[in-house]
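# Remarks on the overall topology
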Amino acid sequence: LAIVTTMRADFLEPCLQYESLTKLIQNQAVLMPPLQGGDLERAIAKPAELQGYRLEEGLLGTILKEAGNLPLLQFALTELWEKRECQRHLLKLEKYGWMEGAIWSLNRHADQVYSYKDFGEDAPTEARTEQEQEWIKRIFLKLVRTGEEEKDTRQRQPKGKLLSIAGDNSEALSEVINELVQGRLLVTGETEERRNIAELVADAK
């Protein structure tokens, strides 16, 4: 039996306050360096190649220029895949340029999900109400852990706690939460133990 526990590097320091845990970390920890060079190139291109697609010339180099933040990169590559040219089995540089890169891709998408219920490629048709936008603000505030001496990070919350924001309108808020999940801004538990838990997809800025 082997047990593997993963932890973000910026959470490691608080663990060192406990002597027994410090010894375990010193003896057992394996640090994962950031993806670089050929490993990063393969992480970007190989999944598409396995599906029979190729990256247009110049696209890989453009992506690598801003590939320092993996959560943002993952989001941008997912959006790029949705805009793939199916007939030619091609991921195009023009589409990535239209997305304005990883950071602006997420910012634009989040703004669209916040403003409209219809957030696909087509022009949005139904704007959110002020009440729905207020609920979204409060949801995201509850899913972020803040501290004066600590880095702001995401935190899980029971869905019931989020639904209590709306009082008697919990059914309407549940629909909004589902739309945030469909919009890839929130994720809910995929297992029986976590089915009632919600959290941010990523806390990258």
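For the structure itself, look to the data block above.
Residues numbered from 1 in each chain as written. Predicted model: local features only at pLDDT ≥ 70, side-chain atom pairs only at ≥ 80, totals over all residues. Heavy atoms only, no water.

### A few points about the overall build of the protein chain
Within the protein chain one finds 10 helices and 7 strands. Within the protein chain, buried positions represent 27% of all 205 residues. Within the protein chain, counting contacts between residues at least 6 apart in sequence, those at least 24 apart form 53% of the total. In the form shown here, the protein chain has an accessible surface area of approximately 14,300 Å², with 50% of it arising from carbon and sulfur atoms. (Helix = DSSP H or I, 4+ residues; strand = E, 2+ residues; numbered from the N terminus. Buried < 20%, exposed > 50% of the residue type's maximum accessible area, 1.4 Å probe, protein only. Contact = heavy atoms within 4.5 Å. Areas by Shrake-Rupley, 256 points an atom, 1.4 Å probe, with all protein chains shown as cover.)

### Quick look at a nonpolar patch on the surface
The grouping of Tyr18, Leu21 and Leu24 at the surface amounts to a nonpolar patch, some 300 Å² of accessible area in total. Looking at the secondary structure, you find Leu21 in helix 2 (residues 19-28). (Patch = residues over 30% accessible without salt bridge, like charges linked within 9 Å, V, L, I, M, F, W, Y side chains within 5 Å. Salt bridge = Lys/Arg side-chain N within 4 Å of Asp/Glu carboxyl O.)

### Observations regarding the environment of Gln51
You can see Gln51 is positioned in the loop between helix 3 (37-50) and strand 1 (54-55). Remark: the alpha-carbon pair of Gln51 and His89, spanning 38 residues in sequence, is separated by 8.8 Å. Once residues lying within four places of it in the same chain are set aside, the contact partners of Gln51 are Trp81 and His89.

### Remarks on the sheet that holds strand 5 (residues 157-158)
With antiparallel pairing, the 3 strands of this open sheet are ordered in space as 5-7-6. Pairing within the sheet leaves two strands with one partner each, and these edge strands are strand 5 and strand 6 (186-188). As defined by bridge partners, strand 6 adjoins strand 7 (residues 197-200) across 3 bridges and the pair is classed as antiparallel. In the strand pairing of strand 7, Thr188 is matched with Ala198. (Pairing = 2+ DSSP bridges.)

### Observations regarding the packing of helix 8 (residues 130-142) against helix 10 (residues 170-182)
Where helix 8 meets helix 10, the closest approach of the two axes is 11 Å, and the angle between their N-to-C directions is 65°. Here helix 8 is positioned roughly perpendicular relative to helix 10, judged by the angle of their axes. Relative to helix 10, the crossing made by helix 8 is right-handed. Facing Glu132, Trp135, Ile136, Ile139 and Phe140 of helix 8, the residues of helix 10 in contact are Ala172, Leu173, Val176, Ile177 and Leu180. Partitioned by chemical class, the residues of the contact of helix 8 with helix 10 number 9 nonpolar, no polar and 1 charged. (Axes fitted to C-alpha atoms, helices over the stretch in contact; angles between N-to-C directions. Parallel < 35°, antiparallel > 145°, perpendicular 65-115°, else oblique. Left-handed = near helix turned anticlockwise from the far one by under 90°. Nonpolar A, V, L, I, M, F, W, Y, C, P; charged D, E, K, R; others polar.)

### Thoughts on unusual backbone geometry
Unusually for a residue other than glycine, His89 sits at a positive phi of about 50°. One can find His89 in the loop between helix 5 (70-82) and strand 2 (90-91). Residue classification places His89 among the partly exposed residues on the basis of a relative accessible area of 34%. Phi angles above zero are rare outside glycine, and Arg184 is one such case at about 65°. Mapped onto the secondary structure, Arg184 falls in the loop between helix 10 and strand 6. By relative accessible area, which is 22% here, Arg184 ends up partly exposed.

### A short note on the packing of helix 3 against helix 5
In a pair of packed helices, the angle between the axes and the distance between the axes together describe the arrangement. Two elements in contact, helix 3 and helix 5, have axes separated by 12 Å at closest approach and are oriented at 25°. Relative to helix 5, helix 3 is oriented roughly parallel. As helix 3 packs across helix 5, the resulting crossing turns out to be right-handed. Contacts between helix 3 and helix 5 involve Leu40, Ile44 and Ala48 from the first element and Leu70, Leu73, Leu77 and Trp81 from the second. Class assignment for the residues of the contact of helix 3 with helix 5 results in 7 nonpolar, no polar and no charged.

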